[in-house]
Amino acid sequence: MADAASRPEGSRGLFWTTLVIVYAAIMLFPIFWMASMMVKPNDAMFARPTQWLFVPTLDHFSYVIEQGFHWSLLTSFVLCTVSTALVVIIGTPAAYAFARFEMKGKDDLFLFILGSRMAPPVCLVIPFYLIYARVGLLDSFLGLTLAYMTFNLSFYVWVLRSFCRDLPVELEEAAALEGWSKVQIFRRVVFPLLRNGIVATSVLCFIFAWNEFLFAFMLGGKAVTTLPVSIPKLITSQGVRWGEMAVVGMTALIPVLAVVFVLQRHIVRGLTLGAVKG
Amino acid sequence: MSSIAFESVFKRYGEVDAVKELNLACGAGEMLALLGPSGCGKSTTLKMAAGIESVSSGEIWFGDKPVSRLAPGERNIAMVFEDYALYPNMTVWENVGFPLKVRGITGQPASARIGEVLQLLGLRQMADQPVRGLSGGAMQRVSIGRALVRDPEVILFDEPLSHLDADQKVQLRAEIKRLQKLRQVTSILVTHDQTEAIAMADRVAVMNHGVLQQVGAPQDLYERPANLFVANFIGEPPMNLMKAAYAANRIVGEGWEVTLSTARRVKLPDGAIVAGIRPEHVTLLPPDAAGSAAARGTIIYREPRGDADVLTVVLDAGTGAGGKLVAEIAGPSDWRAGDKVAVGLDVGRLLVFDAASQKNLEVAP
């Protein structure tokens, strides 16, 4: 879009702006609706015709707190942070090694790693369950952390490898000539250049973990309840608690939005790095 | 400063020999160019000297010290890379000072050293700029500064000029040469550009398919190429190479013939040969000129170069058109495409290669 900047502002610009605004409005409407449900009294929830104006209530919030949903939020947060941190710590050197070092059967090993991501999660959760039952990791925070780490690690290594490949190898050679060891080169030359890629990829890993339901449901049991798993609890014998569901749903959305918003500069740069460099 | 010697060095990648039995020496304070087309093994050779690539067999000597088992950092070498390999998040000053910082040299001695090198390279004003936005020429200067800053025993240049604009290329070429002579640092220059090799190096080693073809002073390679590859690779426009037969003292080709002097004749066996003559040793005369024209022909193409004209001539063979010959004469000349000419060859400069072995029959191997 080299000519976009030089195009005179006018009817065409206005047209596109309007189009984008309309599109955004359509996309954001469900979110707005969910947000309004948080403070909507139950009798206004499904009123016909739609009540746009109502007296806001905090009942849904107090119910959610009473039921201890904030503990699920904390569980989710700690679980995703720890598992993503582990992925970064283990995955970054692995991705670098796959990109740079010659080893026997490298491609096969890489495909194997990728394969664990290709299988539908349902196929993996059964063996996970059986193994966890044997070693006593069921219903434990550690077990779930390891599971999340496992399925995010393959994705992370896969994406970060291409970032590593795009780095000019001469930088590392130049540093090697100065007498640095591989570890020093990795820490002080490669890592700073990979930072954007690491941020972008780990944010994606965090979001995957944050949204994950199946593993948390099967492996976490009653002891470890993440936010996605806690939501169905609001489908009670007395009916579905829509307002409370909206509260939990919005709560689940906020950290993701916040992370993306704060780090968007890194993410955009990271995700477009390969393409821009050409 | 130390000398560098390659002793029966091989580099194998699986089945492929990237470098085959390389024996080559570079004297202390000398600049040696490794010249060849891409994939000829010149860069691999350089990287083996740097320690970035391992040596499959053979030994590399720096002075009297075998280095092939040493890590790159233990060899006291510096390298200048094709795409500069500067640390993008550092300034000019920090990049040049990097080798000192790594070695724990800081404070006054370090800044004096860095300042001196920046001065030498004319980078003083840019010292605090980040390297990201610099021009290619400036970036390569910084890279050279980084190489010079700690007085290495050897500097390895890996195609240092190939990404630069023409004017910067010429400027930096002279500069590298000047600094290399000033510091008397042993250097190896890898390039695919013969002009660069000839302009900068004391001696040039030509490689092809991993095999060293010939080493010598640039003028030697130009005047006495050891084989057809070197003859064809060095010189612009390239040497005319024509199939011919040699018998007694006469060389007969398609549409041309010459007689060699008796002194040269004794050394040459009869048989199929390839005759080589540089375009500037071909003269063109009016077709009716009296005397000993080697051949007659028609100009089919004229390329004016300002000070010279490069003319392509198709020789009249007995039947139809014969071989082609390129002549470079002082220009601008009056010759035009379509003109009939008589062709004179400087027989003293004519080279004789064996058709089968492709070797120059008059150069000792």
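These figures come from a predicted structure and were not determined experimentally.

Engineer: So what's going on with the overall build of chain A? Residues and values would help.
Structural biologist: Helices and strands together make up the secondary structure of chain A, namely 13 helices and two strands. Compactness check: chain A gives a C-alpha radius of gyration of 24 Å against a globular reference of 19 Å for 278 residues, more than 25% above the reference. Dimensions of chain A along its principal axes, counting C-alpha atoms only, are 75 × 70 × 30 Å. When each of the 278 residues of chain A is scored for burial, the buried share is 28%. Sequence separation of 24 or more characterises 80% of the internal contacts of chain A that already satisfy a separation of 6 or more.

Engineer: So, the overall build of chain B: which residues are in play, and what are the values?
Structural biologist: Within chain B, the secondary structure is distributed over nine helices and 20 strands. Along the longest, intermediate and shortest principal axes, the C-alpha atoms of chain B span 80 × 45 × 35 Å. Out of the 365 residues in chain B, the part that is buried amounts to 39%. Considering only intrachain contacts with a sequence separation of at least 6, the fraction spanning at least 24 residues in chain B is 66%.

Engineer: Break down the packing of helix α5 (residues 106-118) of chain A against helix α7 (residues 141-166) of chain A for me, citing the residues and quoting the values.
Structural biologist: Residues and elements named next belong to chain A. Put simply, α5 and α7 touch, their axes get as near as 8 Å, and they point 125 degrees apart. Relative to α7, α5 is oriented oblique. Like other packed secondary-structure pairs, α5 and α7 cross with a definite hand, here left-handed. Seen from α5, the contacting residues are Ile113, Leu114, Ser116 and Arg117; seen from α7, they are Phe151, Ser154, Phe155, Val157 and Trp158. Of the residues assigned to the contact of α5 with α7, the class counts are six nonpolar, two polar and one charged.

Engineer: Lay out helix α4 (residues 136-148) of chain B in plain terms, naming residues and giving numbers.
Structural biologist: Residues and elements named next belong to chain B. Compared with the 18 Å implied by 1.5 Å per residue over 13 residues, the 18 Å span of α4 between its first and last C-alpha is a close match. Burial within α4 is extensive, with 11 of its 13 residues counted as buried. Three or more residues of α4 are buried, namely Ala138, Met139, Gln140, Arg141, Val142, Ser143, Ile144, Gly145, Arg146, Ala147 and Leu148. Contact partners of the buried residues in α4: β6 (77-80), α2 (92-102), α3 (107-121), β7 (154-158) and α5 (166-183).

Engineer: Summarise the nonpolar core; cite the residues concerned and give the values.
Structural biologist: One finds Ala33, Met79, Leu156, Ile188, Leu189, Ala205 and Val343 of chain B to be the most contacted residues of the largest nonpolar core, which totals 104 residues. For this core, the leading source of residues is α4 of chain B, giving six residues. No fewer than three residues from each of domain 1 (4-232) and domain 2 (238-354) of chain B sit in this core. When neighbours within four sequence positions are excluded, Met79 of chain B is seen to be in contact with Ala174 and Leu177 of chain A together with Ala50, Ala147, Leu156 and Asp158 of chain B. Judged by nonpolar contacts, the second largest core, of 36 residues, contains Leu144, Tyr156, Val159 and Leu219 of chain A.

Engineer: Describe in detail α7 of chain A, supporting the description with residues and values.
Structural biologist: Each α-helix turn comprises 3.6 residues. Residues three or four places apart therefore point the same way. An ideal rise of 1.5 Å per residue puts 38 Å on 26 residues; α7 of chain A measures up with 37 Å between its terminal C-alpha atoms. The largest bend in α7 of chain A comes to about 30 degrees, at Asn152 of chain A.

Engineer: Give a detailed account of unusual backbone geometry, specifying residues and quantitative values.
Structural biologist: A cis amide bond links Arg48 of chain A to the next residue, Pro49 of chain A, at an omega of -10 degrees. The residue Pro49 of chain A is located in the loop between α2 (42-45) and α3 (59-66) in this model. Going from Glu236 of chain B to Pro237 of chain B, the amide bond is cis rather than trans, its omega being -5 degrees. By the secondary structure assignment, Pro237 of chain B is in the loop between α8 (228-233) and β11 (240-247). Residue Gln358 of chain B is not a glycine yet carries a positive backbone phi of 65 degrees. As for its position among the elements, Gln358 of chain B is in the segment after β20 (351-354).

Engineer: Could you give me a rundown of the packing of helix α1 (residues 11-38) of chain A against helix α12 (residues 242-262) of chain A, with the residues and numbers involved?
Structural biologist: Residue and element names in this part refer to chain A. Between α1 and α12, the shortest axis-to-axis distance is 8 Å and the interhelical angle comes to 120 degrees. It follows from the interaxial angle that α1 and α12 lie oblique. α1 and α12 meet at a crossing whose hand is left-handed. For the pair formed by α1 and α12, the contact residues are Met34, Ala35, Met37 and Met38 on the first element and Trp242, Gly243, Ala246, Val247, Gly249 and Met250 on the second. Broken down by class, the residue content of the contact of α1 with α12 amounts to eight nonpolar, two polar and no charged.

Engineer: So what's going on with the pairing of strand β14 (residues 271-277) of chain B? Residues and values would help.
Structural biologist: All names here are of chain B. Sheet analysis places β11 next to β14, joined by seven bridges and oriented antiparallel. Paired with Lys243 across the bridge in β14 is Val274. One ladder, built from four bridges, connects β14 with β20; its direction is antiparallel. Paired with Ile273 across the strands is Asp354, a residue of β20.

Engineer: I'd like a rundown of the interface of chain A and chain B, residues and numbers included.
Structural biologist: Facing the 12 residues of chain A at the interface are 16 residues of chain B. The set of elements that each furnish at least two residues to the side of chain A that touches chain B consists of α8 (169-177) and α9 (182-211) of chain A. The element best represented in the side of chain A that touches chain B is α8 of chain A, accounting for six residues. Residues belonging to the side of chain A that touches chain B are distributed by class as follows: eight nonpolar, one polar and three charged.

Conventions adopted
- Residues numbered from 1 in each chain as written.
- Chains lettered and ligands numbered in written order.
- Predicted model: local features only at pLDDT ≥ 70, side-chain atom pairs only at ≥ 80, totals over all residues.
- Helix = DSSP H or I, 4+ residues; strand = E, 2+ residues; numbered from the N terminus.
- Rg over C-alpha atoms; globule rule 2.2 N^0.38 Å.
- Buried ≥ 20, exposed ≤ 12 C-beta atoms within 10 Å, placed from the backbone.
- Contact = placed C-beta atoms within 7 Å.
- Axes fitted to C-alpha atoms, helices over the stretch in contact; angles between N-to-C directions.
- Parallel < 35°, antiparallel > 145°, perpendicular 65-115°, else oblique.
- Left-handed = near helix turned anticlockwise from the far one by under 90°.
- Nonpolar A, V, L, I, M, F, W, Y, C, P; charged D, E, K, R; others polar.
- Expected span 1.5 Å × (residues − 1).
- Core = buried A, V, L, I, M, F, W, Y, C linked by C-beta atoms within 7 Å.
- Domains from an automatic or database assignment.
- Bend = angle between axes of the 7 residues up to and from the residue.
- Pairing = 2+ DSSP bridges.

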